[in-house]
Amino acid sequence: MPQPVPPPPPTGPVPASTPLRAPVAPGQRGAADRTEELDLSDLTETADRLQNAIGAVVEGKPEVIELALAVLFAEGHLLIEDVPGVGKTLLAKSMARAVDCSVRRIQFTPDLMPSDVTGVSVFNQETRQFEFKPGGVFANVVVGDEINRASPKTQSALLECMEERQVTVDGTTYQLEAPFIVVATQNPIEMEGTYPLPEAQRDRFMARLSMGYPAVADEIDMIDTHGAHTGLDTLEPVTDAAHMIKLIGLVRSVHVSDAVKQYAVALAGATRASQELRLGASPRATLHLVRAAKAWAALDGRDYVLPDDLQTLAAPVLAHRLLPTAEAQIGRREASQVVTDIVQQVPVPEGQPHT
Amino acid sequence: MIPQTRPTVVAGIAALISIIPLLELTDNASWLAPAAIAVVVVCAVGLMGRQFRVPGALILLAQLMVVTWWLGLLIAADLAWFGVFPSTTWPDRFRAVASEANEAIETLGTPVPVSDGILLYMVAGIAAIAIAVDLLVGTWRRSALAGVPLAAAYAVTAGIQGGDLGWWWFVPPAVGYMALLIVESRRRVSAWGSSAGPPTDASGEPAAVALARNGRRVGGVALAAAVAIPAFVPILTDGVVSGRGGGGGSGDGRTIRTDNPILDLQRNLTRPDNVDILRYSASDSSSHYIRTVTLDSFDGDVWKMSDRPVPESQRVSEGMPEPPGLDLEEPPDEVEIQFAVDTIYASKWLPLAYPAQHIDIDGDWRYDPATLDVVAADSDAAGMVYSAVSLDVTFDAAILQDAGEPRTDVDDLLDLPDELPDIVTDLADEVTSDASDDFSRAAALQQWFRGPSFTYDLTTQPGTSSSALADFLEDRSGYCEQFAATMAIMARYLDIPARVAVGFTPGTFEGDGTWLVRAHDAHAWPELYFEGMGWVRFEPTPAARTGTAPAWTLEPNETAPDEEPDSPDNTSTAPPTNDLDQFPDEDILGGGGSTTTTSQSPWPLVVAGTVAALAVLACVPAALARVRRAWRWRRAGADPVAQAAASWAEIGEAARDAGLPWDAATTPRAAGRTITAQASLADEPRILLDHLVRVTERARYARRAEPVSDLRADTSVLSHTLVRSGSRIQRARAFLWPATLTDGWNQLTGRVTAVLDWMETSRPRLRAALARTGRR
């Protein structure tokens, strides 16, 4: 179990005046918008290093790691859902560890209180003032383990932070650090006494990944290398928070053409119109899809998004937000299959007027 | 109106206006009202039947019965009980009237007078159209298919009238059909045609629009075929008779009528069926040119017969006069020829070998002393069996060359119009400039016509008017009529008396001394007068059609006359009495190879021409595809985005041409992957394909596209590689119908559909606009 890095000082209390809005941290948004041609070599190199570092720990899952990195660079939150023991937590932790930044791990249990997540104001006898004691979310990377074991109230506390990137305690709003990424894991099997995330809250995760069982060869390798220890202990950070902020800014300025926007909207629209889905993709889902696609394109070294990026990401980004109808469930159709079908059906806009 | 009613009513109207072209076939429109009543009755029965949900088969039966009843009232009302009820005598009347109609159709040209029979056929045909349309639209709800019966009337008219039918007759059926489709698309039958659109239109087009478009296509194809096919099939231009074709099969209804020899000539030559005309066998077992009539007068427009009275004194039974101008020291041999004319050859003129001296034939036949033409006073040559003795004149080039001044009685045969086109006189002078005597001039003319600069072409319009002459000499292509007529005119211009003989080439040897002359052997040739020899046959029509020229007409070979066995000096040693020295061994060889050249049928030419035309036609799509590609690149100009689009479009077409799966609705990258996987590309084209995929992606989705060098060349290389990767059949298909044309066609129909849809919605818009102005 790694020692959590000491929490960095919070950005400081913001006077609880109305409105409860903190000034946006500089460099977070719209940083590189002006650059005409993006130099993505820095990003791809960093991504390669991350991939190698994480890959050394989580073996045989390069696609999963790449997807996770895309979410990381898109500054989205990641939900890893799978049966126990396939390395969900390992992936989450190694991701956090590979970036030299503050990492907090919150083990969700039924008795976890919202204040454990967000923080609490305690009375300081010496200064005779209330002093804010930051909770688990005050970190660059928050690993929420078995998020479905906590009570809905606690879950909501985390989910609010995820969306707002800020914490409000006793009328005071505290801005969370950038980057802020939640990597939550969830166990779909042992559901007894759990509180599955409601749809509205799942929607806040940019993507959901499944680890899947390793291939035979990988599993044998794993016995050899991880027999004594996990690779996590030797994992050295390959980048730091400041660098990540810069790269995230770079990803934001990846170009999305009108055609691709149309395509994203068309895909989302198709999920809403689908006969097999009770609940289609939200506008936030569309937004997440495009953001993830930007990161995906950037990881590929492109400064523009292709419809192919959307196609690759559609299932991981959209599936966990969709609710299949009863008929589809009876037919054992999963949301991700429906999304895959939709991707095949929706025509790709050609972008430019065709001769 | 009840929604179900509207299509039926419109179908009726469409059927009604689709019959308008038939007006061309008759000399008055008296059949129109009965036909309209028939259509109305058919529609009314159909409407009522469907209203009461009667099964479709019963409706059809009722319609047929009502139509039959109506036809009976039209032609057999006098036989009906109480004037209205069908009687047992009706079938006989129907049969009688129908046979009368058949006869009229066989014998009369369009426009035909409207007899009972024609009325019967017209009304019955139109009722059939109405029933078919009603069945398709009302019962089966296949409005799109109704284009076929709606085009029937036009097709029949076009078939009978051939090229004479104006294209505007095409409009009424087309308009009716379009109206029908518009109504049908209103009816919104989405069950049909919903998935018939091309894959490129997967954008969720309303089914009804797709239906209408399919219908428009069906209609377009049907109507285009109706216009185009008759134009290429000569049989349909023969007359009302052959237009109906196929019915009898026997000789009936295919009578060859000869009233205008020149017209008949071309008609015979272009008949699709090479019918038998006559058989003959000569006492010398050899072949002979068979002549029917002589055209001895040229009025500046056509060669025709001069006014020749044939009084009773000129009966052939009383002996024939001597051929004019023939005055030889040794009397020529006589040859007796037995003729048997087929029953279909109803010629007024008797086929004979020139010059006939004794004719043994039944009936009243009379001769013309100047031409020795024999004409029937009251009957025709059909089915006649007769024998004639002709002189077998051996012409001698030497005598011909020395021929003196013509006697005065042939001066009429030098008459020419005052104004001949310059080209005729200039060429006549030029061609004969080296010749010193009349015969050498004539021979030079013949040699010039038979030279390589002229081609034999049956498709030339008939005619020998001044302009037609000039055209012939300019184009240097025509058939025997033009060759014969032009040579005769030039000869007259050179002061050689000349006329045009019409008849047949010797035909095909059938064995047993018998020769068969068929319609395609019809021929015309000039005859020139030389004192002492009389009328001498020349053969200016190219060898492809007629074999070699008559021996005596070949230009005398002055350098070595004695070395030529067939040279004029040695004619005495040449086989006597043989006009056709080009076939010396015909009797020995029998009916095999040698005789096929005897009758030089036009079919090899026609076949070769057709093949050539088809070959050219087959290249047209590929050429069009090329043009379309070039045009796309040109339109793209220097715009990198448009260039990339052009490149990608070309790759897509190449992929489809190669039979590879191609989905226009997928991403360039996915499409590239599919091609790579399916076409098993080598490394180099794969890299090229990847490159072009990147270019396309960049052009479509990047912030801005940059010009790519050699894009067009790269695209071309790759698309060729792709097309070559297809199977042979696939490549042939790609050549005959490249994918790009499908796209072009879809674009075109898309545009047309858009216009039609706009028109479709214009009525409510108009109404709204009117309402607005009304309120104001």
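The structure displayed is predicted, hence computed values, not measured ones. (Residues numbered from 1 in each chain as written. Chains lettered and ligands numbered in written order. Predicted model: local features only at pLDDT ≥ 70, side-chain atom pairs only at ≥ 80, totals over all residues.)

Attention now goes to the overall build of chain B. Counting its regular elements, chain B contains 26 helices and 18 strands. For chain B, contacts bridging at least 24 residues in sequence account for 73% of all contacts bridging at least 6. (Helix = DSSP H or I, 4+ residues; strand = E, 2+ residues; numbered from the N terminus. Contact = placed C-beta atoms within 7 Å.)

Residue and element names in this part refer to chain B. Strand direction decides the pairing type here: strand E6 (residues 333-341) and strand E11 (residues 385-392), joined by eight bridges, are antiparallel. Bridging from a neighbouring strand, Gln-338 pairs with Ser-387 of E11. Looking at chain direction, strand E8 (residues 356-360) and E11 are connected through four bridges and run antiparallel. Pairing of His-358 across the sheet is with Val-389, part of E11. (Pairing = 2+ DSSP bridges.)

A separate point is the interface of chain A and chain B. Facing 18 residues of chain A, the contacting portion of chain B comprises 20 residues. Listed by contribution, the elements that provide at least two residues to the side of chain A that touches chain B are helix H9 (258-273) and helix H11 (307-318) of chain A. A total of three residues in the side of chain A that touches chain B trace back to one element, the largest contributor, which is H11 of chain A. Here the residues of the side of chain A that touches chain B sort into eight nonpolar, seven polar and three charged. (Nonpolar A, V, L, I, M, F, W, Y, C, P; charged D, E, K, R; others polar.)

Residue and element names in this part refer to chain B. Taken in spatial order, the four strands make up an open sheet running E3-E14-E17-E18, and their pairing is antiparallel. At either margin of the open sheet sits one strand with a lone partner, and together these are strand E3 (290-295) and strand E18 (534-537). Averaged over all adjacent pairs, the angle separating strand axes in this sheet is 35°, with direction ignored. In this structure, strand E17 (residues 522-530) lies alongside E18, joined through four bridges in antiparallel fashion. Across the sheet, the residue bridging to Tyr-529 is Trp-535, located in E18. Across the sheet, helix H15 (residues 480-493) lies against strand E14 (498-504) and E17, angled at about 15° from E17, the strand it touches most. (Axes fitted to C-alpha atoms, helices over the stretch in contact; angles between N-to-C directions.)

Okay, the sheet that holds strand E10 (residues 181-186) of chain A next. For sheets, the rule is that strands pair by backbone hydrogen bonds, running either parallel or antiparallel. Residues and elements named next belong to chain A. Spatially, the five strands line up as an open sheet ordered E4-E7-E10-E2-E11, and their pairing is parallel. Two strands bound the open sheet, and with one partner strand each, they are strand E4 (103-107) and strand E11 (207-209). Strand-to-strand twist of the sheet, defined as the mean angle between neighbouring strand axes without regard to direction, takes the value 20°. Summarising the sheet, E4 and strand E7 (residues 141-145) pair through five bridges and their orientation is parallel. Bridged to Val-103 within E7 is Val-141.

Summarising burial for H11 of chain A: twelve of the twelve residues are buried, a large majority. Among all positions in H11 of chain A, only Pro-307, Asp-308, Asp-309, Leu-310, Gln-311, Thr-312, Leu-313, Ala-314, Ala-315, Pro-316, Val-317 and Leu-318 of chain A are buried. Elements in contact with the buried residues of H11 of chain A: helix H2 (62-73), E11, H9, helix H10 (283-299) and helix H13 (335-345) of chain A together with helix H21 (668-679) of chain B. (Buried ≥ 20, exposed ≤ 12 C-beta atoms within 10 Å, placed from the backbone.)

Take the confidence of the model for chain A next. Residues and elements named next belong to chain A. Mean pLDDT over chain A works out to 81, with 86% of the residues at or above the 70 mark. No element of chain A has a lower mean pLDDT than strand E1 (residues 13-14), which averages 42, and none a higher one than H10, which averages 92. Below pLDDT 50 for its whole length, residues 1-36 participates in 53 contacts with residues either more than four positions away or in separate chains. (pLDDT = per-residue confidence, 0-100.)

Residues and elements named next belong to chain B. Of all residues in chain B, 78% have pLDDT values of 70 or greater, and the mean over the chain is 75. Per-element mean pLDDT across chain B ranges from 33 in helix H9 (residues 240-244) up to 89 in helix H2 (residues 32-51). Across residues 188-208, confidence stays below pLDDT 50; counting only partners more than four residues off in sequence or on other chains, it has 27 contacts. pLDDT under 50 marks residues 556-599. Its contacts with residues more than four places away, or in other chains, come to 67 contacts.

Time to look at the pairing of strand E8 (residues 166-169) of chain A. Residue and element names in this part refer to chain A. Only one face of E8 is covered, namely the face carrying Val-167 and Val-169; the face carrying Gln-166 and Thr-168 is uncovered. Pairing analysis gives four bridges linking E8 to strand E9 (residues 172-175), with the strands arranged antiparallel. Among the inter-strand pairings, Gln-166 is bridged to a residue of E9, identified as Gln-175. Hairpin connection from E8 to E9: two residues lie between these consecutive antiparallel strands, with Asp-170 at a positive phi of about 50°.

As for its position among the elements, Gln-730 of chain B is in helix H24 (residues 728-736). Setting aside residues no more than four positions away along its own chain, Gln-730 of chain B makes contact with Ala-658 and Gly-659 of chain B.

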